[in-house]
Amino acid sequence: MEKVAELKKLAQEILKCTKCKLSLTRKNAVPGDGSLNADIILVGEAPGVQEDRQGLPFVGEAGKLLTSLLSSIGLSRTDVYITNIVKCRPPKNREPTKEEITTCLHYLRKQTSLIKPSIICTLGRIASETLIDKKLSISKEHGKLKKMGKITYLPLYHPAAALYNPKLKDTLFADIKTLEKLSKNAKITLNNFNHYKKSKI
Amino acid sequence: MGGKFEAKLSDARIFSQIVDAISALIDEGNYYFSPDGLSFRAMDPSHVAMVDLELNKAFFEDYVCEEDFVLGVNFDELSKITSRAGAGDALTLETSEEEGGRLRIKLMGKATRIFTLPILSLESEELPRLEIDFNVKTSLDSDLLKQALKDAGIAGEYVEIIAEDNTLKIESRGERQSAQISLEKDGEGVHEYNVSESSKSMYAIDMLSKMIKAASLSDVVTVEFSSDMPMKFSFGLPGQGKLTYFLAPRIEK
C-alpha cells in the first residue's frame, strides 16, 4: 500500500482506538498533522484541551509558540510533521501514565517508520525520556543532538513550559537554531524545485 | 473505462524491462491511456525521484484505445507477471470489466499464458512535469554511465558529478576509500557534451543505480544537470517514446 494511504489508514485507526481508558474521556484522538513526506517530526507529550477539541496537535497557546519557533528558522508547520507520544488527552492535562505511553507508542513507531524522517525533535521531558533515554534530564540535555541509528534526535523544552517562563522561552529559541542547521543539511526533495514547474499533464 | 482497449507488442521483454525500470522506484501509480498512447508520471515515496514515461501508440504493433482512461497498478504485482516473459514471447494488454475492472496480460509463446490483476483506484494528484533549463547536457553510452556509477559506488554513498569544459568527472568519497572516473568530451562512448556553465552537484548513488537499470532499454542515455539542481536521465524508446527520471540533489551546507 502507498505510504500516504497507509498513514491515512493509521490515522483512522487512531481516531477509533479504544486500547486505553483515555478513549473514554477524549473528545477527539489526535493522530498528527503536517507533511507526510517530512524529514523532521516534532513529538510532544499529549493533546491538551484545544487539541482534544479540534483533533489537531499543538493548536493552543503552546502551538502558537511552536509555530513561531519554526517560523524563526524559516520553517512552517507544513514543512514538518507534528504529533505526540500519546494521541488522546489525559484528563485535567495530567501526565500520561507509563501504561498509556506503552499502549500508544506503537502508533508513533508506525508513523515514524512510514514517514522516515532523518530528524526527530522531542518536545519536553516525557517525549525525550520515551524516545531518547529514560534517564535523560531535559534541563541538562536540551538542544544537544543524539544520533541513534539513522535518526538524529534533538530534545527541546516543551513550548507549554516556556509559556510561563521567559528564560525557557529564550532557551527554546536558541535551541531551535540547532534544528535550523540540521534542516539545511536535510533531505532535499523534488518538491523544493516546484518553482521550475511549467507544464502539467 | 468504457471503450475497447487492447495493446500488442511482439517483444514482451521490452515491456517487462519498462515495468522493472519503474518498479525500482515506484510502488503504485496510474498509467494514463489515450488514443495516442500512454503516459505515466510518479514520484517515489520520499519525493526524491520522479519517473516520467511516454509511450506513443507507435511503440506497439497494435494499439486500440477508444477513449481516455486511467489504470492504477501495483508495480510489484505487475512486475511479477511481466518478468515471466521469455525470449520470443509476445504480449497483449487488455482491460476487462469483470470483478470491477481488471488488467489482462497475455504472454504468447510456446504456451499462451493469461494473467489478470486488479485495476486500482489510486488517489491521483496532478503531478506537474519538471521543466528545468540545465547547464549541462551530455549523451553517452548507457553502459559507460552504469559502469562509472558501479565504480563510484565502491567508495561512498553519494556521487559528485562535475562538468568542466571538456571533462565529466564522477567522484565519490567514503570514510576509507575514494573513486574518481573521468569521461572526456571526445572520448569513446560520449556522443554529445555541452556545458554552458561549469557545474557540480551531488546525488545519492543508490537512487542513480536504480535509475540506470533502464540502461537495458536503450544504448544511449542523456544526462542533464546544473549545480545543486536535480539530475535528469532520459532514455529513448521505440516509437519515439521516452523514459525520463529526475533525482533531487543532495545539498550540504
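Computed from a prediction, not measured in an experiment: that's the story for all the values here.

Conventions used here
Residues numbered from 1 in each chain as written. Chains lettered and ligands numbered in written order. Predicted model: local features only at pLDDT ≥ 70, side-chain atom pairs only at ≥ 80, totals over all residues. Heavy atoms only, no water. Core = buried A, V, L, I, M, F, W, Y, C linked by side-chain atoms within 4.5 Å. Buried < 20%, exposed > 50% of the residue type's maximum accessible area, 1.4 Å probe, protein only. Helix = DSSP H or I, 4+ residues; strand = E, 2+ residues; numbered from the N terminus. Domains from an automatic or database assignment. Contact = heavy atoms within 4.5 Å. Expected span 1.5 Å × (residues − 1). Arc of directions from axis to C-beta. Pairing = 2+ DSSP bridges. Axes fitted to C-alpha atoms, helices over the stretch in contact; angles between N-to-C directions. pLDDT = per-residue confidence, 0-100. Phe/Tyr/Trp six-rings, centres within 6.5 Å; stacked < 30°, edge-to-face > 60°. Lys NZ or Arg CZ within 6 Å of the ring centre and 35° of its normal. Salt bridge = Lys/Arg side-chain N within 4 Å of Asp/Glu carboxyl O.

*Asks:* Please clarify how the nonpolar core should be interpreted in this entry.
*Replies:* The nonpolar side chains of a soluble globular protein tend to be buried with one another. By size, the foremost hydrophobic cluster in this structure holds 87 residues, and its most contacted members are Tyr31, Leu53, Phe233, Leu243 and Tyr245 of chain B. Looking at this core element by element, the count peaks at seven residues for helix α1 (residues 12–23) of chain B. Two domains each put at least three residues into this core: domain 1 (5–118) and domain 2 (136–229) of chain B. Discounting chain neighbours no more than four positions away, the residues touching Leu53 of chain B are Ile18, Ile22, Tyr31, Leu38, Ser39, Phe40, Leu237, Lys242 and Leu243 of chain B. Membership of the second largest hydrophobic core comes to 53 residues, among which are Leu7, Phe58, Cys121 and Ala127 of chain A.

*Asks:* What am I meant to see in helix α4 (residues 61–72) of chain A here?
*Replies:* In an α-helix, one turn spans 3.6 residues; hence positions three or four apart end up facing the same way. All names here are of chain A. Over its 12 residues, α4 extends 17 Å from the first C-alpha to the last, a length consistent with the 16 Å expected when each residue adds 1.5 Å. Of the positions making up α4, those classed as buried are Ala62, Gly63, Leu65, Leu66, Leu69 and Leu70. Relative to the axis of α4, the buried residues are bounded by an arc of 160° and lie together on one face. Directly after α4, the chain includes Gly74, whose backbone phi takes a positive value near 80°.

*Asks:* I keep staring at the sheet that holds strand β7 (residues 90–96) of chain B and nothing clicks. Help me out?
*Replies:* Two modes of strand pairing occur in sheets, parallel and antiparallel, and in both the strands are linked by backbone hydrogen bonds. All names here are of chain B. Taken in spatial order, the five strands line up as β5-β1-β7-β8-β9 in an open sheet, and their pairing is antiparallel. Either end of the sheet is taken by a strand with one partner, and the two such strands are β5 (62–65) and β9 (112–118). The sheet shows a mean angle of 15° between the axes of neighbouring strands, direction not considered. Across the sheet, α1 lies against β1 (5–9), β7 and β8 (102–108), angled at about 65° from β7, the strand it touches most. Along the sheet, helix α2 (residues 75–82) contacts β8 and β9; its crossing angle with β9, the most-contacted strand, is approximately 180°.

*Asks:* So what exactly am I meant to see when it comes to the confidence of the model for chain B here?
*Replies:* In low-pLDDT regions, the fine details of the predicted coordinates are not to be read closely. A residue-level look at chain B finds 96% of positions with pLDDT of 70 or above and a mean pLDDT of 91. What the predictor reports for the complex is a pTM of 0.65 with an ipTM of 0.85.

*Asks:* I tried to follow the packing of aromatic side chains on my own but got confused; where do I start?
*Replies:* Two aromatic rings, taken as a pair, are described by how far apart their centres are and by the angle between their planes. Residue and element names in this part refer to chain B. Applying the stated rule across the entire model yields 12 aromatic pairs over all chains. Judged by centre distance (6.1 Å) and plane angle (80°), the ring pair of Phe5 and Tyr63 falls under edge-to-face. Taken together, the residues Phe5 in strand β1 and Tyr63 in strand β5 connect sequence positions 58 residues apart. Each member of the pair Phe5 and Tyr63 is classed as buried. Sitting over the face of the ring of Tyr158, Arg250 holds its NZ or CZ atom 4.4 Å from the ring centroid.

*Asks:* Can you help me understand the pattern of salt bridges in this one?
*Replies:* Close approach of charged atoms allows side chains of opposite charge to pair. All names here are of chain B. For the structure on display, the rule yields 18 salt bridges over all chains. In this structure, the salt-bridge partner of Arg41 is Asp52, at a minimum N-O distance of 3.2 Å. Separated by 11 residues along the polypeptide, Arg41 in strand β3 (residues 37–43) and Asp52 in strand β4 (residues 49–56) bring together distant segments of the chain. Classification of Asp52 as buried rests on a relative accessible area of 6%. For Lys80, the salt bridge is made with Asp76, and the minimal N-O distance between the two is 3.9 Å. With Lys80 and Asp76 both in helix α2 and four residues apart, the pair spans about one turn of that helix.

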